[in-house]
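Residue-level structural notes
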Amino acid sequence: MDSSQEKKQWVKITNKCNNNCIFCLDGDRRALTHVPDTEVRAAIQKGLQLGASLLVLSGGDPTVNDLLRDYIKFGKDQGYGKVQIITNGRLLSYPGYWQGLVQAGLKEVTCSIHGHTKELHDWHTRVPGSFQQSILAIKNLLSQRDVIVNTDTTITKQNYKYLPDILKFLTKLGIHEMNLMNIVPFGSAWRNQHKVLYTYAEVLPYVKKSIEYAREQGLNLWLSRFPPQYLEEFPEYMYDTGKILEDFEGSKESILNCRGKRCTWCGLNLVCASLRQVKNDRQKLRRIPDDWAFLELNDKSLKQVKAQVFQANKKVLLKYSTDSHQSNLRMTEQLARLHKFLVKYP
């Protein structure tokens, strides 16, 4: 199964990181500590109870937590089909370390690469030599046939003109799955906004060139949090509805409460507007008894939600049943999650 479609359990194991990225979403974090061991193990077990088959260990950077190998083995022994880490990869450049993680059961690594040259990448990480370490890590991991290796690249004002070059560089390395991530205007990115934020008019031509290159080469390219209204020519690259809900559920402390100057720069701006409209129309959002999920939106909300891949009419009416088409079942699950989320966080 494509890992993008697997049910995931994301578990943060640390707030620490050995890079100092100029755009870091968590750049304002105060508690630079590891997550308590009992909390991590409880979260790993909870994922299985919720039906997850893919365990994703993240941070900070999970490699700076000395218990990472133990958590990988614990996840595998508990019954996860796959264990993945999200990392800058620097520590994976050390032979004994990365091999130990693979032996423990590591099956997928997403490595952050923000440039195709050491100058461009290291400018973003603000750690000299980080590019060399991350690239060596990728080469190490690619030598293992049973380990999936893919990359995350955060789009910034400094690297957007080089996005096609970054993809070409990664392809030559042997990477066939890349994620171009729209910058999130919080933390260090907001403090350094004049250096890293961009307009979509500026970046769009280079995103399109990247898509065209990915199509030519048969690459799996993802565009995380990129506003869908700019991707009408490329609907298959619109951010998946389920991923949008994951983003919101993962940041529920400030959900829908961050309005202001940041909205102009945020790829989820239209989604927030849609959800706020739904909240304002509470009487139109309700659960139907038994086996129906029902969502009715006004015209303005519909236009926005449709752009977020809901593909709705004035009423979205989907039935839970064993003979439903798989896509309908998936859509129903997402609508049910949206309803449950809005009820929980009104």
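See the structure shown above.
Below or above, wherever it landed, is the structure these notes cover. (Residues numbered from 1 in each chain as written. Predicted model: local features only at pLDDT ≥ 70, side-chain atom pairs only at ≥ 80, totals over all residues. Heavy atoms only, no water.)

A look at the packing of helix α1 (residues 37-49) against helix α2 (residues 68-78)
The geometry of a pair of packed helices is captured by two quantities: the angle between their axes and the separation between those axes. Put simply, the rule is: Fitted lines through C-alpha atoms give the axes, limited to the stretch in contact for helices. The angle between two N-to-C directions lies from 0 to 180 degrees. The way it works is that DSSP assigns letters per residue, a run of H or I at least four long becomes a helix, a run of E at least two long becomes a strand, and they are numbered from the N terminus. Any angle that is under 35 degrees is reported as roughly parallel, and any over 145 degrees as roughly antiparallel; angles of 65 to 115 degrees are reported as roughly perpendicular and all others as oblique. Should the near helix be turned anticlockwise from the far one by less than a right angle, the crossing is left-handed, and should it be turned clockwise, the crossing is right-handed. The contact definition used throughout considers only heavy atoms, calling two residues in contact when any of these lie within 4.5 Å. Charged means Asp, Glu, Lys or Arg here, nonpolar means Ala, Val, Leu, Ile, Met, Phe, Trp, Tyr, Cys or Pro, and polar covers whatever is left, Gly included.
Remark: α1 packs on α2, axes separated minimally by 10 Å, with the N-to-C direction vectors making an angle of 30 degrees. Comparing their axes, α2 and α1 come out roughly parallel. Relative to α2, α1 is oriented so that their crossing is right-handed. Facing Asp-37, Val-40, Arg-41, Ile-44, Gln-45 and Leu-48 of α1, the residues of α2 in contact are Asp-70, Tyr-71, Phe-74, Gly-75 and Gln-78. In the contact of α1 with α2, the residues fall into 5 nonpolar, 3 polar and 3 charged.

A look at the environment of Lys-76
For Lys-76, the location among the structural elements is in helix α2. Setting aside chain neighbours within four positions, we find Lys-76 in contact with Val-83, Ala-104 and Gly-105.

Brief notes about the side chain of Glu-177
Heads up, the rule is: Whether a residue is buried, partly exposed or exposed follows from its accessible area with a 1.4 Å probe, protein chains only, as a fraction of its type maximum: under 20%, in between, or over 50%, in that order. A residue counts as positive if it is Lys or Arg and as negative if it is Asp or Glu; His and the chain ends are not included. Any carboxyl oxygen of Asp or Glu that lies within 4 Å of a side-chain nitrogen of Lys or Arg is treated as forming a salt bridge with it. Here a polar contact is taken to be a pair of N or O atoms separated by no more than 3.5 Å, where protein atoms must pair a possible hydrogen donor with a possible acceptor and residues adjacent in sequence count only if both atoms sit in side chains.
By the secondary structure assignment, Glu-177 is in strand β6 (residues 177-181). Buried and unpaired, Glu-177 has no salt bridge, with Lys-82 as the nearest side chain of opposite charge at 7.9 Å. Among the polar contacts made by the side chain of Glu-177, one reaches the side chain of Trp-222 at a distance of 3.3 Å.

Focus on the nonpolar core
Heads up, the condition is: In this text, buried Ala, Val, Leu, Ile, Met, Phe, Trp, Tyr and Cys residues form a nonpolar core when linked through side-chain atoms within 4.5 Å.
By size, the foremost hydrophobic cluster in this structure holds 64 residues, and its most contacted members are Ile-44, Leu-57, Ile-72, Ile-85 and Val-203. Ranked by the residues each element gives to this core, the list is headed by helix α9 (residues 200-217), at 7 residues. Setting aside residues no more than four positions away along its own chain, Ile-85 makes contact with Leu-57, Pro-62, Thr-63, Leu-68, Ile-72, Leu-92, Leu-101, Leu-106, Glu-108, Val-109 and Thr-110.

A look at the packing of aromatic side chains
Rules: Aromatic pairs are defined between Phe, Tyr and Trp rings, using the six-membered ring for Trp, whenever the two ring centres lie within 6.5 Å; interplanar angles under 30 degrees are classed as stacked, those over 60 as edge-to-face, and all others as tilted. Two conditions define a charge located above a ring, namely a distance within 6 Å from the ring centre to NZ of Lys or CZ of Arg, and an angle within 35 degrees of the ring normal.
For the structure shown, the criterion picks out 5 aromatic pairs. An aromatic cluster is defined as three or more aromatic residues linked by ring pairs; in this entry it consists of Tyr-198, Tyr-200, Phe-226 and Tyr-230. Above the face of the Phe-74 ring, Arg-41 is positioned so that its terminal group lies 4.9 Å from the ring centre.

Some thoughts on helix α4 (residues 118-125)
Residues of α4 that are buried: Leu-120, His-121, Asp-122, His-124 and Thr-125. Taken together, the buried residues of α4 touch β4 (108-112) and α5 (130-142). Immediately downstream of α4, the backbone of Arg-126 shows phi near 60 degrees, a positive value.

Quick word on unusual backbone geometry
The phi dihedral of Arg-126 is positive, around 60 degrees, even though this residue is not glycine. Along the chain, the position of Arg-126 falls in the loop between α4 and α5. With a phi close to 60 degrees, Arg-225 is a non-glycine residue in the positive phi region. Locating Arg-225 in the fold gives a position in the loop between β7 (220-224) and α10 (241-250).

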